[in-house]
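# Architecture at a glance
Residue-level listing of the chains:
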Amino acid sequence: MRIAETVTFGGSGLDRAAALRADSGKLDALFPQGRVLPVWRGKPLILQGESLGWVTSGSPVLAFGKAPIFLGLDDGVAVFAQDVSAWAPETGAAAVEQGFMDSSVQTHPSLPADMAFMELRAVMAALSPRDAELAATAKAVLQWHASHGFCSACGAASEMVEGGWQRRCPTCGTAHFPRTDPVVIMLITKGNSVLVGRNSNWPEGMYSLLAGFIEPGETLEAAVRREVMEEAGVPVGAVRYLASQPWPFPASLMFGCAGEALDDRLAIDRTELEDACWITREEMVSVMAGRHPRIKPARRGAIAHFLIANWLADRLD
Ligand SMILES: [Zn+2]
């Protein structure tokens, strides 16, 4: 797909400057002159709802921060991210991690009023490609550190090294690397119709493309066929890769694929899906425009929305 990398969180060509990661002295020297993105309980600091909220290394918002991770060089300026989850705001915190998406925002008393910690899914489509790549990277790596504090080989507490791009076990010496979990998400078509489904915990009326984790030993194509058969009972023939999207909720890499259904009869697994159905191209135009009486579209910025919009526009080549 020629426009694959224009998807939200598509690569912006960030210089990750990986050669600097091992030089902790150099990173320590760059930190005071660089920019820092604070991330609070998975929510990056956002400026005016549309760009990242950068602070300098001396900012009071970083007072509760863990060790910074090095994101790279953005136009030559060193950029870092810091987990400031230990900060306890007076209001709003209770809403975090509840439901499909946390719509609350938290402002910090030391920051301007137009900066707030916000759920990334709420602002992802408004961010520039560079800001989106930095936010996705920061969120994914910081969440990995927060949930991988102990060595999986021996159980000892591990230590952050390499500017945040590794954890090392001081007891047994094992090196651990940030994980990325591959997921297939598929535009399954039969003639003029596309297969969509919904999970019961999604916002009311929202339907999206089917998706699932790739299992060890599977190709992308096999995972697409297995997931569609398991969830909807539909056999799939030819499968092709279209586009990928880093999806840091918490650590996925989405592989967008197209597949041709061999049969349009559905046998829905109700433990996996609340519902699934075929939608014609004409109906999907009205879904995407928000005019459909029953079905709401996938969230803008998600690869499902991107694939469906480009299927409608005949831009999957
Ligand atoms: Zn160990």
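Before reading further, recall that the structure is shown in the block above.
To keep things clear, this report deals only with the structure shown in the data block. (Residues numbered from 1 in each chain as written. Predicted model: local features only at pLDDT ≥ 70, side-chain atom pairs only at ≥ 80, totals over all residues. Heavy atoms only, no water.)

### Quick word on the coordination of the zinc ion
Filter applied, for reference: Only N, O and S atoms count as donors, using a 2.8 Å limit from the metal and a wider 3.2 Å limit for Na, K and Ca, and since water is excluded some coordination spheres may look unfilled. Each label reflects the angles at the metal, where four donors whose angles all fall between 85 and 135 degrees are tetrahedral, four or six donors whose opposite pairs open beyond 155 degrees and whose other angles stay between 65 and 115 are square planar or octahedral respectively, and the rest are irregular. Going along the chain from the N terminus, every DSSP run of H or I of four or more residues is numbered as a helix, and every run of E of two or more is numbered as a strand. With a 1.4 Å probe rolled over the protein chains alone, any residue whose accessible area is under 20% of its type maximum counts as buried; one over 50% counts as exposed, and the rest are partly exposed.
Distances from the zinc ion to its protein donors, Cys151 (SG), Cys154 (SG), Cys169 (SG) and Cys172 (SG), fall at 2.3 to 2.4 Å. With 4 donor atoms in place around the zinc ion and angles of 102 to 116° between them, the coordination shape is tetrahedral. Sequence spacing among the residues donating to the zinc ion works out to C-x2-C-x14-C-x2-C. In this pair, cysteine 154 is assigned in the loop between helix H3 (129–147) and strand E7 (159–161) and cysteine 172 in the loop between strand E8 (166–168) and strand E9 (175–176), connecting sequence segments 18 residues apart. You can call cysteine 154 partly exposed: its relative accessible area is 39%.

### Regarding helix H6 (residues 303–312)
Structural remark: α-helix, 3.6 residues per turn; residues separated by three or four positions point the same way. Rules: Whether two residues touch is decided by their heavy atoms; if any such pair falls within 4.5 Å, the residues are in contact.
Most of H6 is tucked away: 8 of the 10 residues are buried. Among the residues making up H6, those that are buried are Ile303, Ala304, His305, Phe306, Leu307, Ile308, Asn310 and Trp311. As for H6, its buried residues are in contact with strand E10 (181–190), strand E11 (193–198), strand E13 (236–247), strand E14 (252–261), strand E15 (275–280) and helix H5 (281–288). At the exit of H6 stands aspartate 314, carrying a positive phi of roughly 60°.

### Digging into the environment of methionine 160
Mapping methionine 160 onto the fold places it in strand E7. On the basis of relative accessible area, methionine 160 is assigned to the partly exposed category, the value being 29%. A C-alpha to C-alpha distance of 41 Å links methionine 160 and leucine 316, two positions 156 residues apart in sequence. With sequence-adjacent residues up to four places away left out, methionine 160 is seen in contact with Ala67, Pro68, Ile69, His145, Gln166 and Arg167.

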